[in-house]
Amino acid sequence: MARIDQEKCTGCGDCIPVCTVGAIQMSGEGKAHVDLDACVECGVCVRSRVCPVNAIYMQKLEYPRILRRVFSDPTMTHKLTGIPGRGTAEVKTNDVTLRYDWGYYGMCIELGRPGVGASLRDVEKVTRALAELGVEFVEENPLMGLFEDPSRGKLKEEVLGERVLSLIVEVKFPSELLPKVIETLKKVEKEVDTVFTVGLITRITPEGGIPAISQLEQLGVAVRPNAKVNMGLGRVLRR
Ligand code: SF4
Ligand code: SF4
């Protein structure tokens, strides 16, 4: 847990702009302190070594608070996926894993950003809304460890009070479900107290086309195509 030793702190304020979510504040006594509700345990205040008197330190974290660190500190390796950097290989490996095959779309909804963060209660609003449509939550995503019931998009009760810097909800669904998914996200964006970006993952046709683009434009969604080509850096797992 990020803490500030009140005996050591001189109140210089150098640590305040370093915090990723604005959780360090100055008290009436002229000392810095961490708002523990807002802090996402990213560890940047300690790793940056900004404090001239080493007053900032991390305390050991217990579950469920440690989830803040797992999803916010890129130096952590996630136990579920074994992948450093917040625990997901994400969609850029699709040409190796073929996780999203023909007739399916993958979608990444990344909630939270530096400066904003996201509460797991807001994450659950998104997962519940998507579950009602019958989408499949991707097994390899570390979010799976937080579900009480993925078929309902329900997260475990004890994690709902936690906040993270950002978290990626990764789903898979038949391509014809896209209009309903977009409609649902437009509705839920008004209910969450954070920002999110949406990435749609699709394979390119043998002719080089991307049918999803016109489908999205018809739904009133501005598209920014973004392709990554795997130059022999991986092994195709199945065909
Ligand atoms: S651990 Fe991260 S969020 Fe918490 S006070 Fe330090 S910089 Fe801010
Ligand atoms: S940088 Fe260190 S001494 Fe300065 S306000 Fe922050 S904790 Fe206090």
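Each remark here, short or long, concerns the structure printed above.
Once a new chain begins, its residue numbering starts again from 1 and follows that chain's sequence as written. To label them, take the chains in the order written and letter them from A, then take the ligands in the order written and number them from 1. Given that the model is predicted, a residue must reach a pLDDT of at least 70 before its local features are reported, and side-chain atom pairs must reach 80 or more before they are shown or counted; all residues, however, enter totals for whole chains, interfaces and linings. Side-chain measures here rest on the full set of heavy atoms in the structure, leaving out hydrogens and waters.

### Concerning the overall build of the protein chain
Under the convention used in this document: The helix and strand labels rest on DSSP assignments: H or I over at least four residues marks a helix, E over at least two residues marks a strand, and numbering proceeds from the N terminus. The buried label goes to any residue with under 20% of its type's maximum accessible area, the exposed label to any with over 50%, and the partly exposed label to all in between, with areas taken from a 1.4 Å probe on protein chains only. The contact criterion used is simple: two residues touch if any of their non-hydrogen atoms lie within 4.5 Å.
The helix and strand inventory of the protein chain stands at six helices and twelve strands. Per-residue burial over the protein chain gives 42% buried out of 239 residues. Considering only intrachain contacts with a sequence separation of at least 6, the fraction spanning at least 24 residues in the protein chain is 73%.

### Focus: the pairing of strand β11 (residues 167-174)
Selection criterion: We treat two strands as partners when DSSP finds at least two bridges between them.
In terms of residue burial, β11 counts as a mostly covered element, since seven of its eight residues are buried. Bridge count between strand β5 (residues 104-111) and β11: eight bridges; the pairing is antiparallel. Each bridged residue has a counterpart across the sheet, and for Met 107 the counterpart in β11 is Val 171. With two bridges joining them, strand β7 (residues 136-137) and β11 adopt antiparallel strand pairing.

### A short note on the site of ligand 1
Cut-off, in case you're wondering: One heavy atom within 4 Å of a molecule or strand makes the whole residue count as near it. Any residue outside Ala, Val, Leu, Ile, Met, Phe, Trp, Tyr, Cys, Pro, Asp, Glu, Lys and Arg is labelled polar, Gly included; the first ten of those are nonpolar and the last four are charged.
Neighbouring residues of ligand 1: Ala 2, Cys 19, Thr 20, Val 21, Ile 24, Val 34, Cys 39, Val 40, Glu 41, Cys 42, Gly 43 and Cys 45. When its residues are assigned to classes, the shell around ligand 1 shows nine nonpolar, two polar and one charged.

### A closer look at the pattern of salt bridges
To keep it simple, the criterion reads: Salt-bridge detection follows one rule: a side-chain nitrogen of Lys or Arg within 4 Å of a carboxyl oxygen of Asp or Glu.
A full pass over the atoms with the stated rule returns eleven salt bridges. Here Asp 149 makes a salt bridge to Arg 152, at a shortest N to O gap of 2.9 Å. Given a relative accessible area of 44%, Arg 152 falls into the partly exposed group. Glu 157 serves as the salt-bridge partner of Lys 154, at 3.1 Å between the closest nitrogen and oxygen.

### Quick word on the site of ligand 2
Cys 9, Cys 12, Gly 13, Cys 15 and Cys 51 are the nearest of the 13 residues found near ligand 2. Considered class by class, the residues forming the shell around ligand 2 number ten nonpolar, three polar and no charged.

### A look at the packing of aromatic side chains
Where we set the bar: Each aromatic pair joins two rings of Phe, Tyr and Trp (for Trp, the six-membered one) with centres within 6.5 Å, and gets the label stacked for planes under 30 degrees apart, edge-to-face for over 60, and tilted for any other angle.
In total, this model carries two aromatic pairs according to the counting rule given. When the centroid spacing of 6.2 Å and the interplanar angle of 80 degrees are considered together, the rings of Tyr 105 and Phe 173 count as edge-to-face. Pair noted here: Tyr 105 is in strand β5 and Phe 173 is in strand β11, with a separation of 68 residues, a long-range link. For Tyr 105, a relative accessible area of 6% translates into the label buried. Of the residues examined, Phe 173 reaches a relative accessible area of 1% and is grouped as buried. With a centroid separation of 4.8 Å and 50 degrees between ring planes, the pair formed by Phe 137 and Phe 147 is classed as tilted. One end of the pair, Phe 137, is in strand β7; the other, Phe 147, is in strand β8 (residues 147-149), and ten residues separate them in sequence.

### Observations regarding unusual backbone geometry
Leaving glycine out, the prevailing phi sign among residues is negative, and the prevailing peptide bond configuration is trans. A cis geometry characterises the amide bond from Tyr 63 onward to Pro 64, with omega recorded as 5 degrees. With respect to the element layout, Pro 64 can be found in the loop between β4 (56-58) and α2 (66-72). In this structure, Glu 41 takes a positive phi of about 60 degrees despite not being glycine. Relative to the helices and strands, Glu 41 is located in the loop between β3 (32-34) and α1 (44-47). Since its relative accessible area comes to 1%, Glu 41 is described here as buried.

### Some thoughts on the packing of helix α4 (residues 120-131) against helix α5 (residues 178-188)
Counted only if it meets this: Whenever a helix is involved, its axis is fitted only over the stretch in contact; in every case the axis is a line through C-alpha atoms, and angles between N-to-C directions fall within 0 to 180 degrees. Here the angle decides the label: under 35 degrees means roughly parallel, over 145 means roughly antiparallel, 65 to 115 means roughly perpendicular, and every other value means oblique. If you view the pair so one helix is near and one far, a crossing is left-handed when the near helix is turned anticlockwise from the far one by less than a right angle, and right-handed when it is turned clockwise.
Between α4 and α5, the shortest axis-to-axis distance is 10 Å and the interhelical angle comes to 150 degrees. By the angle between their axes, α4 is roughly antiparallel relative to α5. For the pair α4 and α5, the sense of crossing is right-handed. For the pair α4 and α5, contact is made by Lys 125, Val 126, Ala 129 and Leu 130 and by Val 181, Thr 184, Leu 185 and Val 188, respectively.

### Considerations on the sheet that holds β11
Reading across from one edge, β7-β11-β5-β12 is the order of the four strands in this open sheet, with antiparallel pairing throughout. Each of the sheet's edge strands pairs with one partner strand only, and the pair in question is β7 and β12 (196-201). Set on the sheet, α5 makes contact with β5, β11 and β12; between it and β5 the angle comes to about 10 degrees.

### Side note on the pairing of β5
Of all eight residues in β5, seven are buried; the element is thus mostly enclosed. Alignment of β5 against β12, held across six bridges, turns out to be antiparallel. For Gly 106, the partnering residue across the bridge sits in β12 and is Ile 201.

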